[in-house]
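# Topology and contacts: notes
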Amino acid sequence: MYQHYFRSHLIDQYLCLSLMPHFLVSSNPQAKLKSFAAKIIQLLREWTETFPFDFQDERARKELKEIAQRITQCDEENGTIKKSISQMMQNVLLALSTRGQYQEIREKIRQPVTDKGTILKAKAQSAQKDILSVCGDPLILAQQLTTIELERLASIYPEDLMQIITHMDSLDKDNHKCRSDVTKTYNLEAYDNWFNCLSMLVATEICRVVKKKQRTRVMEFFIDVARECFNIGNFNSTMAIISGMNLSPVARLKKTWSKVKTAKFDVLEHHMDPSSNFCNYRTALQGATQRSQSANSSREKIVIPVFNLFIKDIFFLHKIHSNRLPNGHINFKKFMEISRQIHDFLTWKQVECPFEKDKKIQTYLLTSPIYTEEALFVASFENEGPDNHMEKDSWKTLRYTMTAVVTVLEADTRSM
C-alpha cells in the first residue's frame, strides 16, 4: 500500500531501475541482471493485480510501458520476461475494462423514488407487490441480500479504500489536481447508497401497508431477516434493516409496534449498539472473522462488515496518527495497521458466494420503488394519526404539500 504515498510517478525517476548498474559489478553480471529484472516484474505484477485502477490514466500506463521496455532488454534471448510483461499489460487492460463495464451496469440499476402525489392511493397499494408476496422465507431473503452484498463488496478495490487517505492528503495540501480527481470514490459512494436504499426499502415496505395486522407481520418478517443476516455474517444488511426500522416514520408507529414481538429485535439492537464505539458489533465481527479463518465451507467464511464503519476506521487511523514519528522516521505502525485492515477486506471480498441467485427476489430488491423520507411520513401519518402537537403541525404541512403536488399533476394530465 505504500506506493499510494509516492504515486506522483509510477516509480519515482525509475528508482528501482537505477540500481541495476550495481549488479553489473560481479563475476556474472548478466545473471544478476536477469535476477533483478525478475524481481521488478514480480513487484509490478503484484501492483497491477492488486491496484489495477492506479493505471487508469494514460500517463501511468505510459510509464509502465517505458519500464517494461527497459526490463525486456535484460532477456532478449529467450523472451520469457517479454512474455510475462505482455501478459501483465493485457491483464491490466482487462481489469480496467471489466470494472468500467460493471460501473455502467450498476449505474442503470438506480432506485426510483415514488411520487408523493400517488402514494396514498389504497387501491393502488393493494395491487402492488410486497416483499412477502415475493419472498416469505426470512432465511432465503437474507441469503439473497448476502449475494448482493458480496457482489458489491467484490467491486471495491484496495485503491478505492486508499482514496480516503489520498483525498485527505490532497485537501491538507490544497492540491485539488492530484490523481484523486481521476480515481474518485465512486465505488464507495455506490456501496453506501446501497445501504441507504435497503434501509429506505425496509421503511417503505412497512409504511405502505394499510392494515395494522399485515404491517405487524412485515415488521416481524424483517426482524427475522436481520437476524438471519447476522447469523450468516452479513452485518451490513443487518445494520441497514435495523436502521430502516428505526427511521422516524416507522419508529412512531406505536400501535403497530405494540403488536410486534420485539425480543429478537432488542437482541439485534444490542449487538449493533453504537455505544462505546460499537463495542458489541466489533466483538461479533471479530468472532465472525475467527470463524471464517478456520472454516471449511464457504457459508462459514462469509464476513461482510458494516461498510461505513469500516471506512470510518481507516479514515480515523489516518487522521489521528501522523505519517512520521517525532524523530522524523516513517510511522510504520500506522501503515501496518491500515494494511491489516485492507488485508482483512481483501480476504472477505474474495469469498465465493454459496447461495444461488433468485432473479425474481433480486430484481425486487434492486428495482422496487422506494419512498422519499417525506413520503414515508405521509404514509405513516395516514396509517397512525399524529399524537402530539409537533406531529400535527408536520402532518398539516405534509398534507398541504401533497395537495399542491396532486393539483399540479392533475393539471398536467388535463393539458396532455
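Residues numbered from 1 in each chain as written. Predicted model: local features only at pLDDT ≥ 70, side-chain atom pairs only at ≥ 80, totals over all residues. Heavy atoms only, no water.

Looking at an unreviewed UniProt entry, the protein chain carries the name Ras-GEF domain-containing protein, with the source organism given as Aquarana catesbeiana.

## Re the overall build of the protein chain
Counting secondary structure elements, the protein chain contains 22 helices and zero strands. The 416 residues of the protein chain split such that 45% are buried. Intrachain contacts of the protein chain at a sequence separation of at least 6 include 80% that bridge at least 24 residues. A total accessible area of about 22700 Å² is found for the protein chain, and carbon and sulfur atoms account for 55% of it. (Helix = DSSP H or I, 4+ residues; strand = E, 2+ residues; numbered from the N terminus. Buried < 20%, exposed > 50% of the residue type's maximum accessible area, 1.4 Å probe, protein only. Contact = heavy atoms within 4.5 Å. Areas by Shrake-Rupley, 256 points an atom, 1.4 Å probe, with all protein chains shown as cover.)

## A short note on the nonpolar core
Judged by nonpolar contacts, the single largest core of 80 residues is most densely connected at Leu 141, Leu 161 and Met 245. No other element matches the twelve residues that helix α10 (residues 186-207) contributes to this core. If near-sequence neighbours (up to four positions away) are discounted, Met 245 is found in contact with Val 202, Ile 206, Met 219, Phe 222, Ile 223, Val 250, Ala 251, Trp 257 and Phe 265. Of all hydrophobic cores here, the second largest spans 17 residues; its members include Trp 47, Phe 55, Ala 68 and Ile 85. (Core = buried A, V, L, I, M, F, W, Y, C linked by side-chain atoms within 4.5 Å.)

## A look at the pattern of salt bridges
For the coordinates displayed, the defined rule picks out nine salt bridges. In this structure, Glu 384 engages Arg 215 in a salt bridge whose closest nitrogen and oxygen atoms are separated by 3.8 Å. Of the two residues, Glu 384 is situated in the loop between α21 (373-383) and α22 (389-415) and Arg 215 in helix α11 (residues 212-232); the sequence distance between them amounts to 169 residues. Each of the two residues, Glu 384 as well as Arg 215, counts as buried. Linking Arg 252 and Glu 391 is a salt bridge whose minimum nitrogen-to-oxygen distance equals 3.0 Å. Remark: Glu 391 occurs in helix α22 and Arg 252 occurs in the loop between α13 (248-251) and α14 (254-257); sequence separation between them is 139 residues. The burial state of Arg 252 is the same as that of Glu 391; both residues are buried. What emerges from the salt-bridge pattern is a single network uniting Glu 337, Arg 340 and Asp 344. (Salt bridge = Lys/Arg side-chain N within 4 Å of Asp/Glu carboxyl O.)

## So, the side chain of Gln 341
Considering the arrangement of structural elements, one finds Gln 341 in helix α19 (residues 332-349). Judged by relative accessible area, Gln 341 falls into the buried class, the value being 12%. Aside from chain neighbours lying at most four places away, what touches Gln 341 is Phe 310, Asp 313, Ile 314 and Leu 317.

## A word on α11
Taking 1.5 Å of rise per residue, 21 residues should cover 30 Å, and α11 covers 30 Å from first to last C-alpha, within 8% of that figure. Where α11 terminates, the next one or two residues include Gly 233, which has phi positive at roughly 110°. (Expected span 1.5 Å × (residues − 1).)

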